Amino acid sequence: MNIKNYINGKFENPIHGDYIDNYDPSVGEVYGQIPNSTNEDVEKAYEFASKAFPKWSNTTLEKRSRILIKISDLLEENLVRFAKAESIDNGKPLNLAKQIDIPRAASNFRFFGNAISQFSSESHESVGLNAVNFTLRQPIGVVGCISPWNLPLYLFTWKIAPAIAAGNCVVAKPSEVTPMTAFLLGEICNEAGLPKGVLNIVHGLGTTTGQAIIEHPNIKAISFTGGTKTGAHIARVAAPMFKKLSLELGGKNPNIIFADCVYEKMLATTVRSSFANQGQICLCGSRIFVEEKIYEKFKKDFIKKVSELKVGHPEKSDTDIGALVSAAHLEKVKSYIDIAESEGGKILFGGNKVEVSGSENGYYLQPTIIEVSDNQCKLNQEEIFGPVVTIMSFKTDEEGLSLANEVKYGLSATLWTNNLNRTMQFSKLLQTGIVWVNTWMLRDLRTPFGGVKESGVGREGGFEALRFFTEPKNICIKY
Ligand code: NAD
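These notes cover the structure that comes with them. Fair warning: this is a prediction, and the values are worked out from it, not measured in the lab.

### What about the sheet that holds strand 6 (residues 131-139)?
- Taken in spatial order, the three strands make up an open sheet running 5-6-22, and their pairing is antiparallel. Both outer strands of the open sheet, strand 5 (123-126) and strand 22 (470-478), are each paired with one neighbouring strand and no more. Each strand of the sheet is rotated relative to its neighbour by a mean of 20°, with strand direction disregarded.
- Pairing analysis gives four bridges linking strand 5 to strand 6, with the strands arranged antiparallel. Opposite Ser123, over in strand 6, you have Phe134 as the bridge partner.

Laid out in structure tokens, this is it:
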């Protein structure tokens, strides 16, 4: 299926007629074409967005809210169609797309449709000076939203929904690897009555289309989720233009397990936090640190549980692990497994590509567990972003904490313990933006979401996102 850009409410071919292939990772075959848009397409999208801005930014909150909630309803009505499209485009199990990706995309619109009606600004009375200050929170204008391939519609809408709720108009680019559900979203926005030009979606490569968005002199804010290297590049381009930036980048998250945890719950959740979505979630706990007392038991039980996971075609209902997103990504992930032994690691389970019957050219890999002894090895320091976890033991709280923190990333951490004192110590001292205690990926959309160190700058979620997509202006009135 060939997809088109969505500009000013219409589906359009790219101006230069240039296309790139879109692959179905479950079979390793091209199944469609997507525009490789140039800066002329981005310019066109920008022009329509900026035309739509005066009216949209003056549209009542009630009306904006109603449209966002309508988009959410329509996504729910079209759940199966969207989930199928996401699963084919990305290789993720259809069940996962039905249970997580599409419902969450719908929640993003519903949440920000409601949140905008509760968003308020401050006033400061300058007592004794007969003056009062109040803050206006005004939309920025035209903003750019750029998202990755791992949770395609989920992360795309996590940016678009707060941007338009706050009164901005948007030029957005989904990943060129997974563009399909972003394309389908255009239809739904039209049906929900989103005015033309408020949301414009241009497809194409990062280095051409994405680059045109970040370089555009009048796109005043960029909300980006993707790799740390790309984030650094965007920061270099955007900083001299004084653009507002929100960067959600890579992770190498620790999962710290103490002997006093509720063992069965921890074990089941650790299987999920290691391998959900083929391990391609920025929040996956890819470095597992286990207290020495239970290390051997954990190792045995974890291997057993992981060996029961079924790698298979994403459409099959008993598939736990689908295909990786692309041939290039499969090779990247495999290259880390290949260096494991030279780094002193021991492959405890998995490590091989899988031939799925009837889909022999698909990008399948076994869930892989590697025991390591040196936290400084590449396997423990670099983001692999696939179904590969390392495990390592530790003796004391201090050692567990320093192993967790000795990494350049700082997105999230998971802690398994029932000791309150330890919970508080770790919560304070872990160098991450998010800490989960006795759970994983339990999300409340009101909370600040994002990382520290090389995992990013800024926070998404709740009012943080609405603050990012507005400029505060202080008004001082003397009376
Ligand atoms: P990526 O950085 O390669 O691409 C992300 C997006 O940026 C894509 O749309 C791409 O086309 C675009 N892009 C690439 N070069 C660009 C440029 N020069 N200018 C503008 N845009 C450009 O990342 P990816 O491989 O798609 O995604 C995987 C990465 O995303 C992993 O590192 C993962 O940790 C990260 N991620 C982070 C979070 C988070 O919330 N922190 C969430 C999901 C994924």
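Still more to cover.
### Details of the site of the ligand
- Neighbouring residues of the ligand: 29 residues in total, closest Lys173, Glu176, Thr230, Leu249 and Glu383.
- Within the side chain of Glu176, one N or O atom sits 2.6 Å away from an oxygen atom of the ligand.
- Here Glu383 contributes a side-chain N or O atom positioned 2.5 Å from an oxygen atom of the ligand.
- Protein chains bury 89% of the 850 Å² of accessible surface belonging to the ligand in isolation.
- Under a 2 Å grid-point criterion requiring more than half of the atoms, the pocket assigned to the ligand is the largest pocket.
- Looking at the shell around the ligand, the elements that each hand over two or more residues are helix 7 (206-215), strand 10 (221-225) and helix 8 (228-238).
- With four residues, the single largest contributor to the shell around the ligand is helix 7.
- Across the shell around the ligand, the residue classes break down as 12 nonpolar, 13 polar and four charged.

### Focus on helix 5 (residues 152-165)
- Over its 14 residues, helix 5 runs 20 Å from end to end, which matches the ideal 20 Å to within 8%, given 1.5 Å per residue.
- Where burial is concerned, most of helix 5 is hidden: 14 out of the 14 residues are buried.
- Two residues or fewer after helix 5 comes Gly167, characterised by a positive phi angle close to 100°.

### Things to note about the pattern of salt bridges
- Enumeration according to the criterion identifies 22 salt bridges in this entry.
- Between Asp101 and Lys92 there is a salt bridge; the shortest N-O distance is 2.7 Å.
- In this structure, the salt-bridge partner of Asp338 is Lys334, at a minimum N-O distance of 2.7 Å. Taken together, the residues Asp338 and Lys334, both in helix 11 (residues 327-339) and four residues apart, mark about one turn of the helix.
- Classification of Asp338 by relative accessible area gives exposed; the value is 51%.
- The exposure class assigned to Lys334 is buried, which follows from its relative accessible area of 15%.
- Salt bridges sharing partners connect three or more residues here, namely Asp73, Glu76 and Arg110.

### Structural notes on the pairing of strand 15 (residues 368-371)
- By the alternation rule, side chains of strand 15 split into Thr368 and Ile370 and Ile369 and Glu371, which are all buried.
- Two elements, strand 14 (residues 346-349) and strand 15, share three bridges in a ladder whose sense is antiparallel. Within strand 15, the position partnered with Ile347 by the bridge is Ile370.
- Pairing between strand 15 and strand 16 (residues 388-394): four bridges, direction parallel. The partner of Glu371 across the bridge, within strand 16, is Ile391.

### Topic: the sheet that holds strand 19 (residues 434-437)
- The seven strands are arranged 14-15-16-13-12-18-19 in an open sheet whose pairing can be described as mixed. Since the sheet does not close on itself, it has two edges, and those belong to strand 14 and strand 19, each with one partner. Adjacent strand axes in the sheet meet at a mean angle of 25° when their direction is disregarded.
- Pairing geometry for strand 12 (residues 254-257) and strand 18 (residues 412-416), over three bridges, is parallel. Counterpart to Asn255 in the pairing with strand 18 is Thr414.

### Section: the environment of Asn8
- Tracing the chain through its elements places Asn8 in the loop between strand 1 (5-7) and strand 2 (10-12).
- Here Asn8 falls in the buried class, since its relative accessible area comes to 14%.
- Taking the C-alpha atoms as reference points, Asn8 and Asn200, separated by 192 residues in sequence, lie 6.4 Å from one another.
- In this view, Asn8 contacts Phe48, Lys196, Gly197 and Asn200; residues no more than four positions away in its chain are not counted.

### Observations concerning the nonpolar core
- With 95 residues, the main nonpolar core has Leu75, Phe112, Leu199 and Leu283 as its most contacted residues.
- If we ignore the near neighbours within four places in the chain, the residues touching Leu283 are Asn253, Leu411, Ser412, Ile434, Trp436, Trp440, Met441 and Phe449.
- If you look at the next biggest cluster of nonpolar residues, it comprises 26 residues, including Leu330, Tyr336, Phe394 and Leu403.

Each value, and the rule that gives it
- Residues numbered from 1 in each chain as written.
- Predicted model: local features only at pLDDT ≥ 70, side-chain atom pairs only at ≥ 80, totals over all residues.
- Heavy atoms only, no water.
- Pairing = 2+ DSSP bridges.
- Helix = DSSP H or I, 4+ residues; strand = E, 2+ residues; numbered from the N terminus.
- Axes fitted to C-alpha atoms, helices over the stretch in contact; angles between N-to-C directions.
- Near = heavy atom within 4 Å.
- Polar contact = N/O pair within 3.5 Å; in protein donor to acceptor, adjacent residues only side chain to side chain.
- Areas by Shrake-Rupley, 256 points an atom, 1.4 Å probe, with all protein chains shown as cover.
- 1 Å grid on protein atoms, 1.4 Å probe; cavity = no way out; pocket = protein on both sides within 12 Å on 5 of 7 lines; lining within 4 Å.
- Sits in = over half its atoms within 2 Å of the grid points.
- Nonpolar A, V, L, I, M, F, W, Y, C, P; charged D, E, K, R; others polar.
- Expected span 1.5 Å × (residues − 1).
- Buried < 20%, exposed > 50% of the residue type's maximum accessible area, 1.4 Å probe, protein only.
- Salt bridge = Lys/Arg side-chain N within 4 Å of Asp/Glu carboxyl O.
- Contact = heavy atoms within 4.5 Å.
- Core = buried A, V, L, I, M, F, W, Y, C linked by side-chain atoms within 4.5 Å.

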